[in-house]
Amino acid sequence: MRITVENVEKRYIDSNKQEVTALKNINCTIAEQEFVVLVGPSGCGKSTLLNIVGGLLSPSSGSVYFEGVQGKEPRLSIVFQEIALFPWRTVYENVIFGLEERGASKKEQQEKGRHYIEMVGLSGFESAYPKQLSGGMKQRAGIARALAVEPDLLLMDEPFSALDAQTRTIMQEELLSIWDRTKLSTLYVTHNIQEAVYLADRVIVMSRRPGEIKSIIPINLPKIGRDREEHRLEFERYVDQIWQLIRNDAQAALKEGE
Amino acid sequence: MQQVAVKQVVVKQARQTIRNRVAFMEKVPPIYAPVIGILGLLVLWEALARMGVFKPDYLPAPTLILSAGWEMLLSGEIYTNLVASLIRIGAGFAIGASVGIIIGLVLGFFRWLDALFTPVVYSLYPIPKIALLPLLILWLGIGETPKLVIIALGVFYPVVLNTHAGVKNVDRSLIKAAVTFGAKPFNIIRKVILPASLPTIFAGLKMAAGYSMLLMITAEMIAAEKGIGAMIMHYGNMLMTTNLMVGVIILSMLGLLINRSLEWIERKVLPWK
């Protein structure tokens, strides 16, 4: 199953009654088992695009669809930047939320709940409430909740941006090893170029005003172990290539104080 | 030898230990402190009464009130009046709270109903509910019903307004998360909006508890045969201050009990807070 974004455009009226084009002429696909990262300066509309793909926002024109649906209802799940765990539910109850809504049996809920809680390394915290967890652990629970429904497309909206740098590095490594075990089609939004190169099969670089796709860069490095010494030069080359594409826009964004 | 000794003294004097200068903020008074406060007040009251500083008709001594209370307890007078009041306040509170929560959720969730009816709710809010008692008695007769309705009305308002505000303030990203994981409207209300607004609903319930006591007593004073309010009124008319004070003390304990129970329920229902 693959996901296609076709001619998506998003316009809205801002507070000064001016029409703003947030997204223009967006065309891309996410192949089965592909990890695509959207990267761009702030205000380029990458989160808007993710929300449109996630069905939380309607495009002004164009469409997003699953291709190769074989009779079954395609599922997608989102890992939110704000994490959005239900504070009144324990870790376990949060993780099985999507299974509950899908009408899965109690037995299936228990099995998958336990499986994915273990996968993200939260065993022993099943009955803790979110407020009792650290930032990194909260987001692990958020990831487990998204994985538990075994989605056909996983969307991640800057999932680690609220974490400190060390936790972030660890979470990136863990995400990669989880992805290696699940091979989920993933659309990941970030403004961190290193993170993009570290995780992606393909990086979609976006520009701002209007938000357009500037370039799509396949990362031709082995998926696991990109931080090893032998890949360092190439890694840096990718990072630099993307940075040169974004740089002017990022500076413009800074001047506008966004 | 002497020089070494001198040096040691100097070193000792030059050392200055750094102490916690905000230790006063961490001082914890013992848990029996409130008991001392209340007991102290009672002892002072008793002493002043015995010294004849105020007449027993104005303010009887605590011991007198206590013995009068004991007699009223044995005669069953307290029991009959208390039960009458408790049934009234319990039923009125339950009706007002459940209707308030349901209507608050509905008004908060459905935009159209919100636009149509929330202004109506707000425009009726400033009416002091007790002013409606004569009207309610005209409509519903002089039995239990108007008293129940007036208590329910008093509870309804703070609950409906708080529930409505709670629903309006639910974190949008939680609703988005629920929708993403396939939740349908009814489940969104039940599993997200209701629990998310529970803290605000509880604030409304606590406010309502005060109103409901006030309305119960006033209604009982105006039109009731039985009930703590009626009892207080009766002894007031007969100038029996000691028995009147028994009623007042019962009310203070009842209020405390209701508040504590609500707090206990809140802790049980909101362990995640």
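Provided above is the structure to which this section pertains.
Summary of the structure given here. Keep in mind that what you see is a predicted model, and the values were worked out from it rather than measured.

1. Thoughts on the overall build of chain A
Thinking step 1. Along chain A, the regular secondary structure elements total 8 helices and 9 strands.
Thinking step 2. Since a compact globule built from 258 residues should have a radius of gyration of about 18 Å, the 19 Å found for chain A is in line with a globular shape.
Thinking step 3. Taken along the three principal axes of its C-alpha coordinates, chain A extends 50 × 45 × 40 Å.
Thinking step 4. The long-range share in chain A, meaning contacts at least 24 apart out of those at least 6 apart in sequence, stands at 71%.
Thinking step 5. Just so you have it, chain A exposes about 11,800 Å², and 46% of that area is on carbon and sulfur atoms.
Thinking step 6. Looking at chain A, you have 32 positive and 36 negative side-chain charges, and the mean spots of the two groups are 2 Å apart.

2. Details of the overall build of chain B
Thinking step 1. Looking only at helices and strands, one finds 11 helices and 0 strands in chain B.
Thinking step 2. Counting from the amino terminus, chain B carries its helices and strands in the arrangement α-α-α-α-α-α-α-α-α-α-α.
Thinking step 3. For 273 residues, the compact-globule estimate of 2.2 N^0.38 gives 19 Å, and chain B exceeds it by more than 25% at 28 Å.
Thinking step 4. Based on the C-alpha atoms only, the size of chain B along its principal axes is roughly 105 × 70 × 30 Å.
Thinking step 5. Of the contacts made within chain B by residues no fewer than 6 positions apart, 72% connect residues no fewer than 24 positions apart.
Thinking step 6. Total accessible area on chain B is roughly 17,200 Å²; 71% of this is exposed by carbon and sulfur atoms.
Thinking step 7. Taking the average place of the 24 positive charges on the side chains of chain B and the average place of its 12 negative ones, the gap between the two points comes to 19 Å.

3. Overview of the sheet that holds strand β9 (residues 212-218) of chain A
Residue and element names in this part refer to chain A.
Thinking step 1. One open sheet holds the 6 strands; their spatial order is β5-β6-β7-β3-β8-β9, and the pairing between them is mixed. The strands lining the two open edges of the sheet, one partner per strand, are β5 (76-79) and β9. If you compare each strand with its neighbour and ignore which way they point, the axes differ by 20 degrees on average.
Thinking step 2. With 4 bridges connecting them, strand β6 (residues 153-157) and strand β7 (residues 186-190) associate as parallel partners. Counterpart to L155 in the pairing with β7 is L187.
Thinking step 3. Against the sheet, helix α6 (residues 165-182) touches β3 (35-39), β6 and β7, its axis set at about 170 degrees to β7.

4. As for the packing of helix α4 (residues 77-109) of chain B against helix α10 (residues 228-237) of chain B
All names here are of chain B.
Thinking step 1. It is at 7 Å that the axes of α4 and α10 come closest, and there the two elements cross at 130 degrees. Judged by the inter-axis angle, α4 sits oblique to α10. Contacts between α4 and α10 involve E77, N81, L82 and S85 on the former and, on the latter, I228, M231 and Y235.

5. Here we look at the pairing of β7(A)
Residues and elements named next belong to chain A.
Thinking step 1. Burial within β7 is extensive, with 5 of its 5 residues counted as buried.
Thinking step 2. Residue alternation in β7 divides its side chains into two sets, T186, Y188 and T190 and L187 and V189, and both sets are buried.
Thinking step 3. The pairing of β3 with β7 spans 5 bridges and is parallel. Residue pairing across strands places F35 opposite T186, the latter belonging to β7.
Thinking step 4. For the crossover from β6 across α6 to β7, the handedness is right-handed.

6. Digging into the environment of I18(B)
Thinking step 1. Here I18(B) lies in the loop between α1 (2-14) and α2 (33-50).
Thinking step 2. Judged by relative accessible area, I18(B) falls into the exposed class, the value being 81%.

7. Notes on the packing of aromatic side chains
Here the distance between the centres and the angle between the planes together describe a pair of aromatic rings.
Thinking step 1. Under the counting rule described, the total for this entry stands at 9 aromatic pairs over all chains.
Thinking step 2. For the ring pair W88(A) and W272(B), a centre distance of 5.4 Å and an interplane angle of 65 degrees mean the geometry is edge-to-face. Of this pair, W88(A) sits in the loop between β5 and α2 (91-95) while W272(B) is found in the segment after α11 (241-269), placing the two residues in two different chains. By the burial criterion, W88(A) is buried, and W272(B) matches it.
Thinking step 3. Summarising the aromatic geometry, the rings of F156(B) and Y157(B) are spaced 5.2 Å apart at their centres and angled 85 degrees between planes, so their arrangement reads as edge-to-face. Comparing F156(B) with Y157(B) shows no difference in burial state: the two are buried.

8. Digging into the state of the cysteines
Residues and elements named next belong to chain A.
Thinking step 1. Within this structure, the stated rule accounts for 0 disulfides over all chains.
Thinking step 2. The structure places no disulfide on C28, whose sulfur is separated from the nearest cysteine sulfur, that of C44, by 12 Å.
Thinking step 3. Taking the relative accessible area as the measure of exposure, C28 reaches 10% and is therefore buried.

9. Notes on the side chain of N162(B)
Residue and element names in this part refer to chain B.
Thinking step 1. Secondary-structure assignment places N162 in helix α7 (residues 145-168).
Thinking step 2. For N162, the side chain forms a polar contact with the main-chain oxygen of P158, separated by 2.9 Å.
Thinking step 3. Setting aside residues up to four positions removed in sequence, N162 forms contacts with T200, A203, G204 and M207.

10. Regarding the interface of chain B and chain A
Thinking step 1. Taken together, the contact pairs 18 residues of chain B with 21 residues of chain A.
Thinking step 2. Summing both partners gives a buried area of about 1,800 Å² for chain B against chain A, and 70% of it is carried by carbon and sulfur.
Thinking step 3. Contact with chain A buries surface across chain B, with F181(B), K191(B) and W272(B) losing the most and accounting together for 43% of the total.
Thinking step 4. For the interface between chain B and chain A, the tally reads 2 salt bridges.
Thinking step 5. We note a salt bridge from K191(B) to E101(A), for which the minimum N-O separation is 2.5 Å.
Thinking step 6. The tally of links from chain B across to chain A stands at 5 residue pairs in polar contact (both at pLDDT 80 or more).
Thinking step 7. Going through the elements one at a time, α8 (172-180) and α9 (185-222) of chain B are the ones with two or more residues in the side of chain B that touches chain A.
Thinking step 8. With 6 residues, the single largest contributor to the side of chain B that touches chain A is α8(B).
Thinking step 9. Of the residues that constitute the side of chain B that touches chain A, the class distribution is 10 nonpolar, 4 polar and 4 charged.

What counts and what doesn't
- Residues numbered from 1 in each chain as written.
- Chains lettered and ligands numbered in written order.
- Predicted model: local features only at pLDDT ≥ 70, side-chain atom pairs only at ≥ 80, totals over all residues.
- Heavy atoms only, no water.
- Helix = DSSP H or I, 4+ residues; strand = E, 2+ residues; numbered from the N terminus.
- Rg over C-alpha atoms; globule rule 2.2 N^0.38 Å.
- Contact = heavy atoms within 4.5 Å.
- Areas by Shrake-Rupley, 256 points an atom, 1.4 Å probe, with all protein chains shown as cover.
- Lys, Arg positive; Asp, Glu negative; His and termini not counted.
- Charge placed at Lys NZ, Arg CZ, Asp CG, Glu CD.
- Pairing = 2+ DSSP bridges.
- Axes fitted to C-alpha atoms, helices over the stretch in contact; angles between N-to-C directions.
- Parallel < 35°, antiparallel > 145°, perpendicular 65-115°, else oblique.
- Buried < 20%, exposed > 50% of the residue type's maximum accessible area, 1.4 Å probe, protein only.
- Right-handed = clockwise from strand over helix to strand, strands pointing away.
- Phe/Tyr/Trp six-rings, centres within 6.5 Å; stacked < 30°, edge-to-face > 60°.
- Disulfide = S-S within 2.5 Å.
- Polar contact = N/O pair within 3.5 Å; in protein donor to acceptor, adjacent residues only side chain to side chain.
- Buried area = accessible area lost by both parts, 1.4 Å probe.
- Salt bridge = Lys/Arg side-chain N within 4 Å of Asp/Glu carboxyl O.
- Nonpolar A, V, L, I, M, F, W, Y, C, P; charged D, E, K, R; others polar.

Interpretation note: all reported values are geometric properties and have no functional meaning in isolation.
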